[in-house]
Amino acid sequence: MTGHPGASDPPSGRSPAGDALTALVLPVFELNGELLAAARDIAEPAGLTPAWWQVLGATLDEPLTVSDVARRVGLGLARQSVQRTADLLVEKGWARYLDNPRHARARLLEPTARGRETLLRLREAQHAWADAVGAAVGAAELQAFRATAERIAGASRAYRERPGTR
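Within each chain, residue numbers correspond to sequence positions counted from 1 in written order. With the structure being a predicted model, the display of local features is reserved for residues of pLDDT at least 70 and the display and counting of side-chain atom pairs for 80 or more, all residues being used for whole-chain, interface and lining totals. Processing note: side-chain calculations cover all non-hydrogen atoms of the structure and skip hydrogens and water entirely.

**Student:** Can you walk me through the packing of aromatic side chains in this structure?
**Tutor:** One pair of aromatic rings is described through two measures. These are the centre distance and the angle between the planes. Pairing of aromatic rings covers Phe, Tyr and Trp, the last through its six-membered ring, and needs centres within 6.5 Å; plane angles under 30 degrees mean stacked, over 60 mean edge-to-face, and all others mean tilted. Applying the stated criterion across every chain, the model contains one aromatic pair. On the basis of an interplanar angle of 55° and a centroid distance of 6.0 Å, the ring pair of tryptophan 52 and tryptophan 94 is categorised as tilted. Taken together, the residues tryptophan 52 in helix H2 (residues 50–58) and tryptophan 94 in the loop between helix H4 (79–91) and strand E1 (95–98) connect sequence positions 42 residues apart. The same class applies to tryptophan 52 and to tryptophan 94, which are both buried. When the NZ atom of lysine or the CZ atom of arginine is within 6 Å of a ring's centre and also within 35 degrees of its normal, the charge is said to sit over that ring. The ring of tyrosine 97 is capped by arginine 107, whose NZ or CZ atom sits 3.9 Å from the centre of that ring. For the cation-ring pair, arginine 114 lies above tryptophan 94, with the distance from its terminal atom to the ring centre recorded as 4.2 Å. Comment: elements are numbered from the N terminus, with helices defined as DSSP H or I runs of at least four residues and strands as E runs of at least two. Buried means the residue's accessible area, taken with a 1.4 Å probe over protein chains only, is under 20% of the maximum for its type, while exposed means over 50%, and partly exposed covers the values in between.

**Student:** Whenever I open this one, the packing of H2 against helix H3 (residues 66–73) confuses me. Can you help?
**Tutor:** To describe two helices that pack against each other, one gives the angle between their axes and the distance between the axes. The axes used here are C-alpha line fits, helices contributing only the stretch in contact, and every angle between their N-to-C directions lies in the interval 0 to 180 degrees. In contact at an axis separation of 9 Å, H2 and H3 are set at 110° when each is read in the N-to-C sense. When the axes of H2 and H3 are compared, the pair comes out roughly perpendicular. In this structure, H2 meets H3 at a crossing whose hand is right-handed. Two secondary-structure elements touch here, H2 through Gln54, Val55 and Ala58 and H3 through Val69, Arg72 and Val73. As a working rule, the residues Ala, Val, Leu, Ile, Met, Phe, Trp, Tyr, Cys and Pro are called nonpolar, Asp, Glu, Lys and Arg charged, and the rest polar, with Gly in that last group. Along the lines of polarity and charge, the residues of the contact of H2 with H3 split into four nonpolar, one polar and one charged. Geometric relationships in this document are graded by angle, where less than 35 degrees denotes roughly parallel, more than 145 denotes roughly antiparallel, 65 to 115 denotes roughly perpendicular, and other angles denote oblique. When the near helix sits turned anticlockwise from the far one by under a right angle, the crossing is termed left-handed; a clockwise turn instead gives a right-handed crossing. Residue contacts are defined here by distance: any two heavy atoms, one from each residue, within 4.5 Å place the two residues in contact.

**Student:** Would you mind going over the pairing of E1 with me for this structure?
**Tutor:** Two faces, one strand: in a regular strand the side chains alternate between the faces of the sheet. Residues Ala95 and Tyr97 line the buried face of E1, whereas the alternating positions Arg96 and Leu98 sit on a face that is not buried. Any two strands are treated as partners once DSSP identifies two or more bridges connecting them. In the sheet, E1 pairs with strand E2 (residues 108–111) via four bridges, with the strands oriented antiparallel. Of the residues in E2, the one forming a bridge with arginine 96 is glutamate 110.

**Student:** Looking at this structure, how should I read a nonpolar patch on the surface?
**Tutor:** Side chains of Val25, Leu26, Val28, Phe29, Leu31, Leu35, Trp129, Val133, Val137, Leu142 and Phe145 sit close together on the surface and give an oily, nonpolar patch of about 910 Å² of accessible area. The set of elements that each furnish at least two residues to the nonpolar patch consists of helix H1 (16–43), helix H5 (113–137) and helix H6 (139–161). Among the elements that make up the nonpolar patch, the one with the highest residue count is H1 (six residues). As for its position among the elements, tryptophan 129 is in helix H5. Here, patches come from residues exposed beyond 30% relative accessible area and free of salt bridges, joined within 9 Å for like charges and within 5 Å for nonpolar side chains (Val, Leu, Ile, Met, Phe, Trp, Tyr). Areas reported here follow the Shrake-Rupley algorithm with a probe of radius 1.4 Å; residue values treat only the protein chains shown as occluding. A pairing counts as a salt bridge when a side-chain nitrogen of Lys or Arg comes within 4 Å of a carboxyl oxygen of Asp or Glu.

Here you go:
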């Protein structure tokens, strides 16, 4: 099936709900790209990449191990990728490692004073962006979309976890 679903399209072999989900995929990918571009626009003036911002931001409230950051950040970032990012943040002075009293080999990552200051500046820029975009779309519509996105992710996860679907 090419183009948008419509009366002239041949049957897809999917249910109407399957067609609706499939039609949603490209706009969601476009949204993902736009959100990453906005994150880049916000983070780059401070010298961070969006991934660096994510990892550093995860540690703002409490020091975390790299594994904890990977679980918290999610979004497909592997522990090894988070480890490389954490090492770069430490090397560049935005974060530091602390000894972990609960695990000798899994050090804790926390922002330095410079890292905290940078995160607070980014927070101001992110709030301005979120307020402008949120006002253009509307809180009720965004809340409904969030609930729908969470239901889609949960249903997809449940399907993939069923035996015999891989």
